[in-house]
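# Analysis of the macromolecular model
Spelled out, the chains give:
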Amino acid sequence: GISGRIEVLDIVRRNKDYESFVASQWEKKNNGFWIYIYGKPVYITPKHWHYCNYYYLDDGLPDFRFIDAEYYYWWEEVVEKEPWVYGGIEMTMRRDGKSYRGGNSCLFNATSELNYHVGMQSKTNDDAKDLFQRVVVLPWRKLPFYFSPKYDNKTYPVKEIKFRDSDSEIEFDEDDTLAELTSDELHSSIEARSTVHTAFDGQKLGFYFDDECGKTEEMLISQAWRVHKQCLRVRDRVVGKALLTTTIEETTKGGLIE
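Here we summarise the structure given alongside this text.

Criteria and cut-off values
Residues numbered from 1 in each chain as written. Predicted model: local features only at pLDDT ≥ 70, side-chain atom pairs only at ≥ 80, totals over all residues. Heavy atoms only, no water. Pairing = 2+ DSSP bridges. Helix = DSSP H or I, 4+ residues; strand = E, 2+ residues; numbered from the N terminus. Axes fitted to C-alpha atoms, helices over the stretch in contact; angles between N-to-C directions. Contact = heavy atoms within 4.5 Å. Phe/Tyr/Trp six-rings, centres within 6.5 Å; stacked < 30°, edge-to-face > 60°. Lys NZ or Arg CZ within 6 Å of the ring centre and 35° of its normal. Buried < 20%, exposed > 50% of the residue type's maximum accessible area, 1.4 Å probe, protein only. Core = buried A, V, L, I, M, F, W, Y, C linked by side-chain atoms within 4.5 Å. Parallel < 35°, antiparallel > 145°, perpendicular 65-115°, else oblique. Nonpolar A, V, L, I, M, F, W, Y, C, P; charged D, E, K, R; others polar. Patch = residues over 30% accessible without salt bridge, like charges linked within 9 Å, V, L, I, M, F, W, Y side chains within 5 Å. Areas by Shrake-Rupley, 256 points an atom, 1.4 Å probe, with all protein chains shown as cover. Salt bridge = Lys/Arg side-chain N within 4 Å of Asp/Glu carboxyl O.

Ordered by their spatial adjacency, six strands build an open sheet running β3-β10-β7-β4-β6-β5, and the pairing between neighbours is mixed. Either end of the sheet is taken by a strand with one partner, and the two such strands are β3 (87-92) and β5 (160-163). Shown here is a sheet whose adjacent strand axes are inclined to one another by a mean of 10°, direction ignored. Bridge analysis of strand β4 (residues 117-121) against strand β6 (residues 188-192) gives four bridges, and the strand direction is parallel. Bridged to Val-118 within β6 is Ile-190. Across the sheet, helix α4 (residues 66-80) is in contact with β3, β7 (207-210) and β10 (241-247); its angle to β10 comes to roughly 140°.

See the structure below:
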């Protein structure tokens, strides 16, 4: 509860060792870190570090894999740092971890940035709800207090997490600063919506995640992308990124690109 959270924060603030540890975790989340593997220095990106240390799969924390390191290199250098890139498409075999990597990206930013909104879809409405539970809700519930901001007190949300106090009615726009909010009330959100091409029409998104887009059954993915691409920009400036994933097999009619 809130009282327990306040008590833990007070303990950390009064203990220099605890405070130093929490600060070190935020340093790695913000900047990544270097480690020697087989005698060679390897850079671990912030999202990859978070994935290996704090993001839980259905059977526990993921193992370190170089293929994941390469994936996060691609995302950081080719997608995030390029101002004109809207996102990326990932095509893999089944059970390669693409959905969980996408879920990690959803949580990473929404739990640490102000007014950061994530939109999620999948090939059907039921799949979107299941995806939200598997790759967002369950890992989020295992985050430690220092990476878990205030939320609206829904312990097992069905389709949306709002990272704000349950009593808060105030909405903030992109120009508001951290000083205007409490340190752990971000007014960010993660939401899974129906498989329709106008699901997030008109909403500003920091991240749009469409899992198994090549298997979409209830909409044309090409129409959905034309609409949701606009959610990632303000005028001529790209302000959000998209991740579209699919397994390598025959696409459905809705998953075909026109």
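Attention shifts here to the packing of aromatic side chains. Under the counting rule described, the total for this entry stands at 22 aromatic pairs. Among the aromatic residues, ring-to-ring pairing joins Tyr-51, Tyr-55, Tyr-71, Tyr-72, Trp-74, Trp-75, Tyr-100, Phe-207 and Phe-209 into one connected group. The ring of Phe-108 is capped by Lys-29, whose NZ or CZ atom sits 5.1 Å from the centre of that ring. Here the basic side chain of Lys-29 rests over the ring of Phe-147, its NZ or CZ set 4.7 Å away from the ring centre.

Turning our attention to the pairing of β7. Every second residue of β7 is oriented toward a common face, with Phe-207 and Phe-209 on one face and Tyr-208 and Asp-210 on the other, all of them buried. Across four bridges, the pairing between β7 and β10 is parallel. When the bridges of β10 are listed, Tyr-208 appears paired with Ala-242.

Okay, the nonpolar core next. Grouped together as the largest cluster of nonpolar side chains are 37 residues, with contacts concentrated most on Cys-106, Val-118, Met-120, Phe-132, Val-136, Ile-190 and Phe-207. Per-element accounting of this core gives the leading share, six residues, to helix α6 (residues 125-141). Sequence-distant contacts of Phe-132, that is, excluding residues within four places in its chain, are made with Met-120, Val-137, Pro-157, Val-158, Lys-159, Glu-160, Ile-161, Ile-190 and Ala-192. Counting 14 residues, the second largest nonpolar core, distinct from the first, contains Ala-199, Leu-205, Tyr-208 and Val-238.

All right, on to the packing of helix α3 (residues 46-54) against helix α5 (residues 98-110) then. Interhelical geometry of α3 versus α5 gives an angle of 105° and a closest axis separation of 10 Å. Our classification of the angle between α3 and α5 gives roughly perpendicular. Contact residues: Pro-46, Lys-47, His-50 and Tyr-51 in α3; Tyr-100, Arg-101, Asn-104, Ser-105, Phe-108 and Asn-109 in α5. Class assignment of the residues belonging to the contact of α3 with α5 gives a composition of four nonpolar, four polar and two charged.

Before going further, it helps to examine a nonpolar patch on the surface. There is a patch of nonpolar side chains on the surface, built from Ile-89, Met-91, Met-93 and Ile-248 and spanning about 480 Å² of accessible area. Structurally, the position occupied by Met-93 is in the loop between β3 and α5.

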